[in-house]
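Chain by chain, the residues run as shown.
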Amino acid sequence: MKKEELIKKLYEAVKDGFIEESGPLAEKSVELGYDPIEVMQGITSALKEVGADFNDGRIFLTELMFCGETAKEAMNILTKEIKRQKKTVPYLGRVVIGTVAGDIHDIGKSLVVAMLVAEGFEVIDLGIDISDETFIDNVRLLKPNVLGLSALVTTTMLKFRDIVVALEDADLRDKVKVIIGGALVNMEHAETSGADTFGSDAIDAVIKVRALLDLD
Amino acid sequence: MINSGFKPWIYWYSSPGVKSGEVGIKAGSYRFLSDSQVKDLDYAAKEILRRTGVKIPNEICLGLLEKAGATVDFKEQRVRIPASLVDEAIKNTPKSFMFGGRDAKKAIKIDTEHSYFVHGIGPYMIATDGSVRNSTARDMQDAYRVLEACENVDVAGIPVGGTASTPEDEMHLPLTVRRLRKYLMMLDFMEKPVDTSRTYVIDKEDEAGDIRQAALDQIQMEIAVRGSLEELQKTPMSLGFNEAVSPLMYLPRNLEKLLVYAEHGLPMFIGSGPMTNATGPATMAGTLSLWLAETLTGLVLGYLAGNPDYRPPALWMCFTGLFDQLTAHGPIMGAPEGVIVQSACADIAHFYGFSIRGCIGSPSKALDPQAGYETGVGLLTSVMAGVNYHVSIGTVGPGEVGVSLEKIVLDNELAGYIKRIMRGIEVTEETLAVDVIDEVGPGGTFLIHPHTRKWFRKEQYFPSLFDRRKYEDWVRRGKKNAVQRAEERVQEILRDYWPEPLDKGIRKRIEDHVKMIEKRMAKS
Ligand code: B12
């Protein structure tokens with residue numbers, strides 16, 4: 001199979017959610033010695049299109065997420081190959097994300113994670129009920145470009161401010177952008193908590209993270 | 001059940017046709033599931049509990065379950081529950097109880113026969129055009145007054161939760177104290193029962209394991225109101241809120257709370273709210289089988305932890321909604337799928353003899369036709385299906401994110417319509433009116449007949465907000481639509497209506513209790 005043909009096949013597999021095909025196609029590309037970074041670009045362009053389709057109401061959430069899973073099958077293989085070749089994976093940036101201490105709301109944050117991954121970010125999801133210290137430790141250790149905080153309850157939303165202050169105390173505030181989100185969160189909370197911005201939903205999260213990193 | 005209290009103010013605004021203060025109605029009997037379908041669900045849920053099991057992260061609960069014959073994996077905190085234990089819990093858990101506010105005499109009976117309208121909870125205040133703002137302590141008081149004034153709202157919720165509604169000068173107080181002060185404020189304004197079940201919003205103290213203490217503090221406060229635990233057990237003032245987190249998990253703090261209420265023989269909400277498509281399967285039946293498995297788990301826990309001398313009664317609940325595939329938002333309770341799942345829960349709960357709390361609302365952001373239609377269709381359907389306790393009166397947005405005072409008065413009118421519909425038709429010799437029809441004869445009028453004068457008040461519901469005037473009359477009165485009239489009604493209530501003050505002696509007892517807790521917390 002020619003390189004162009006393989007990339008097109010992979011693109012189609014991701015767009016149509018053919019999950020049994022994406023992995024083997026990626027393996028094949030490795031076998032044939034094609035540049036994994038170039039092959040990956042086929043996948044990201046497919047993901048962008050399905051993202052737009054979802055945004056415009058042409059496909060449904062389950063389908064969008066399934067396309068994401070299909071992409072992941074291939075991405076895992078390609079990422080491994082990129083690392084083996086000692087090249088760097090062309091992520092758009094690194095995002096550490098989690099739901100704050102005392103809060104176990106998970107669904108919205110997971111959607112944000114899925115969309116950011118689909119967009120081409122490297123996302124480290126710390127999970128739910130994450131202590132301030134864990135956030136700080138991970139920022140220090142992983143040096144992400146962006147820290148995403150999710151909270152859905154008015155009392156746990158107070159944590160945004162605490163974490164921003166803790167970042168300042170640890171001399172990390174200017175090294176990472178902070179984005180907050182959750183059902184009740186708005187721009188006012190971003191201002192009062194000292195975060196850089198807020199995302200109203202998963203699609204807005206992608207737009208805002210891109211903007212924070214000057215990607216547009 | 002008829003409330004004996006007579007308030008001239010309410011009388012003036014409310015329908016003279018429906019007796020003022022008519023609390024609750026007879027639950028409907030329309031069915032979404034046949035007996036054999038319910039039995040299929042019973043089988044499915046028990047199979048889920050036997051095969052997959054539930055995560056219960058609490059040592060005491062795990063111990064109780066193991067002792068009772070469940071298969072417990074302590075390391076995974078996973079429990080598989082045999083059907084026999086479920087059946088034992090179903091059999092031995094009390095199925096009806098009284099629920100009251102500050103005045104035990106005005107309590108309502110929770111059972112499968114009655115149906116009540118209950119205000120929801122929402123952290124924000126929503127204006128009629130959909131604009132949102134933080135709530136204040138004043139908003140909370142205003143909401144109580146409006147709720148108390150609305151004769152068809154049977155139970156008040158926490159109108160506006162969240163830290164924003166804490167007065168500035170109380171922000172430094174520990175959460176438990178703030179919570180209890182809010183409770184006191186509620187009792188100041190509400191004679192109706194108040195559903196405080198969702199006030200346990202966690203923070204640092206609870207994180208440290210003090211949710212138990214927080215629950216005890218609330219129960220102690222209620223004992224101060226009633227005079228003794230025995231009196232409180234007879235007429236509880238709050239229910240433990242023991243929700244499972246779908247799919248198939250319980251939270252440590254919810255289990256703590258469950259234990260406290262169970263030990264005290266106080267009633268509990270048990271149930272969950274799997275979101276169709278996201279935290280529950282995409283099918284209605286799948287959402288229901290998961291919900292039932294989770295609810296039966298709560299039932300077993302409440303039964304095993306329960307005080308054997310005074311078994312804690314249970315009110316089942318389902319707050320499922322659709323997780324919308326197109327917008328990725330949920331739970332959409334006003335969606336037809338949300339409405340039928342919640343209504344079908346009544347068939348299931350009633351099959352076992354339990355009453356059920358449902359949750360209906362509209363995801364509309366403003367007070368527009370969508371909000372009205374969805375609330376109307378949802379409420380009427382679930383009342384007809386026999387749901388016994390309807391949460392979410394007066395809330396706006398998906399998953400009740402906001403409270404609207406105007407929606408409270410609009411929903412109050414809707415509830416009036418529904419109460420009338422559910423009162424049904426009385427058929428007697430007198431109401432059949434054969435003699436009257438004979439007297440009036442062909443071409444006559446009934447308008448001035450004594451039979452009409454005797455009966456119209458009993459038969460007709462008189463809307464106090466919805467308009468039935470002639471066109472010209474409506475124009476003369478300023479062409480106001482229902483939302484504008486609702487805004488005016490809210491203003492009238494806030495200008496004129498003050499509830500009966502709380503009994504001074506009870507108030508003092510509560511204040512002392514809160515002060516004692518403040519002192520205790522200052523020490524630690
Ligand atoms: C589902 C739900 C639950 C589930 C959570 C299950 C799970 N696995 O996540 C359960 C049942 C466990 C639950 C528990 C509780 N809940 Co709850 N819950 C909800 C509910 C109904 C929906 C949340 C949801 O998943 N929505 C769907 C997702 C897709 O939307 P989303 O979360 O808003 O996320 C989107 C955006 O906000 C944004 N976003 C989210 N995170 C982030 C992060 C970043 C960085 C960015 C950029 C964007 C972003 O993008 C997402 C995708 O579009 C909301 C009501 C509501 N409408 O929000 C109440 C709600 C949030 N819960 C509430 C409450 C009170 C509780 C409890 C305290 C109840 C209790 N007394 O026990 C507990 C608290 C538990 C805890 N410690 O956190 C209240 C909060 C009220 C308040 N005063 O703050 C709400 C508003 C409901 C209500 N009116 O009572 N809850």
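Residues numbered from 1 in each chain as written. Chains lettered and ligands numbered in written order. Predicted model: local features only at pLDDT ≥ 70, side-chain atom pairs only at ≥ 80, totals over all residues. Heavy atoms only, no water.

A. Representation of the overall build of chain A. On a plain count of helices and strands, chain A comes out with nine helices and five strands. Listed N to C, the secondary structure of chain A is α-α-α-α-β-α-β-α-β-α-β-α-β-α in terms of helices and strands. A compact globule built from 216 residues should have a C-alpha radius of gyration of about 17 Å, and chain A, at 18 Å, falls within 12% of that. Along the three orthogonal principal directions, the C-alpha set of chain A runs to about 55 × 40 × 30 Å. Out of the 216 residues in chain A, the part that is buried amounts to 50%. Considering only intrachain contacts with a sequence separation of at least 6, the fraction spanning at least 24 residues in chain A is 71%. (Helix = DSSP H or I, 4+ residues; strand = E, 2+ residues; numbered from the N terminus. Rg over C-alpha atoms; globule rule 2.2 N^0.38 Å. Buried < 20%, exposed > 50% of the residue type's maximum accessible area, 1.4 Å probe, protein only. Contact = heavy atoms within 4.5 Å.)

B. Layout of the overall build of chain B. The number of helices and strands found in chain B is 19 helices and 19 strands. Against the compact-globule benchmark of 24 Å for 524 residues, chain B has a radius of gyration of 24 Å, which places it among compact chains. Overall, chain B is about 80 × 55 × 50 Å in size when its C-alpha atoms are taken along their principal axes. Burial status across chain B gives 59% buried among its 524 residues. Restricting the contact set of chain B to residue pairs at least 6 apart, pairs at least 24 apart contribute 75%. Approximately 21,800 Å² of chain B is accessible, and the part contributed by carbon and sulfur atoms is 56%. (Areas by Shrake-Rupley, 256 points an atom, 1.4 Å probe, with all protein chains shown as cover.)

C. The arrangement of the coordination of the cobalt atom of the ligand in detail. Looking at the protein side alone, the cobalt atom of the ligand has one donor only, His105 of chain A (NE2), at 2.3 Å. With respect to the helices and strands, His105 of chain A occurs in the loop between β1 (94–99) and α5 (107–119). (Donors = N, O, S within 2.8 Å, 3.2 Å for Na, K, Ca; no water.)

D. Up close: the interface of chain B and chain A. Each side of the interface is counted separately: chain B has 21 residues, and chain A has 23 residues. Between chain B and chain A, the buried area comes to about 1,800 Å², and carbon and sulfur atoms account for 68% of it. Taken together, the connections running from chain B to chain A amount to zero salt bridges. Linking chain B with chain A are three residue pairs in polar contact (both at pLDDT 80 or more), by the criterion used here. (Buried area = accessible area lost by both parts, 1.4 Å probe. Salt bridge = Lys/Arg side-chain N within 4 Å of Asp/Glu carboxyl O. Polar contact = N/O pair within 3.5 Å; in protein donor to acceptor, adjacent residues only side chain to side chain.)

E. Focus on the nonpolar core. Formed by 119 residues in total, the largest nonpolar core has its most connected members in Ile56, Leu65 and Trp316 of chain B. For this core, the leading source of residues is helix α10 (residues 284–305) of chain B, giving 12 residues. Look past the residues within four positions of Trp316 of chain B in its chain and what remains in contact with it is Ile270, Trp291, Leu292, Thr295, Leu296, Leu299, Ala349, Tyr352, Phe354, Ser355, Ile356 and Arg357 of chain B. Judged by nonpolar contacts, the second largest core, of 48 residues, contains Leu10, Leu64 and Ile97 of chain A together with Ala328 of chain B. (Core = buried A, V, L, I, M, F, W, Y, C linked by side-chain atoms within 4.5 Å.)

F. Summary view of the pairing of strand β17 (residues 389–393) of chain B. All names here are of chain B. Counting buried residues along β17, five of its five residues qualify, which places the element largely inside the surrounding structure. Taken together, the three bridges between strand β7 (residues 114–119) and β17 define a ladder with parallel strand orientation. Residue pairing in the sheet places His119 in a bridge with Ile393 of β17. Here strand β16 (residues 356–359) pairs with β17 via three bridges, running parallel. Within β17, the position partnered with Cys359 by the bridge is Val391. (Pairing = 2+ DSSP bridges.)

G. Spotlight on helix α12 (residues 369–384) of chain B. Residue and element names in this part refer to chain B. Taking 1.5 Å of rise per residue, 16 residues should cover 22 Å, and α12 covers 22 Å from first to last C-alpha, within 8% of that figure. In this structure, the buried side of α12 is in contact with β1 (25–26), β7, α11 (336–352), β17 and α13 (405–423). Among the residues trailing α12, Gly386 stands out with phi positive, at a value near 95°. (Expected span 1.5 Å × (residues − 1).)

H. Seen up close, a nonpolar patch on the surface. Nonpolar side chains collect at one region of the surface, where Ile425, Val427, Leu432 and Val434 of chain B lie side by side and expose about 460 Å² of accessible area between them. With respect to the helices and strands, the residue Val434 of chain B is situated in helix α15 (residues 434–440). (Patch = residues over 30% accessible without salt bridge, like charges linked within 9 Å, V, L, I, M, F, W, Y side chains within 5 Å.)

I. Looking closely at the domain arrangement of chain A. Residues and elements named next belong to chain A. By the assigned domains, chain A splits into domain 1 (3–84) and domain 2 (94–212). Computed from C-alpha coordinates alone, the two centres of domain 1 and domain 2 are separated by 27 Å. With eight residues of domain 1 at the interface, the matching set in domain 2 holds eight residues. For the pair domain 1 and domain 2, the summed buried area comes to about 660 Å², and 79% of that belongs to carbon and sulfur atoms. Considering only the surface of domain 1 that becomes buried against domain 2, Leu47, Lys48 and Met65 emerge as the three largest contributors, covering 42% of it. Applying the counting rule to domain 1 against domain 2 returns zero salt bridges. Connecting domain 1 to domain 2 are zero residue pairs in polar contact (both at pLDDT 80 or more). The element contributing the most residues to the side of domain 1 that touches domain 2 is helix α3 (residues 36–55), with five residues. Of the residues assigned to the side of domain 1 that touches domain 2, the class counts are five nonpolar, two polar and one charged. (Domains from an automatic or database assignment. Nonpolar A, V, L, I, M, F, W, Y, C, P; charged D, E, K, R; others polar.)

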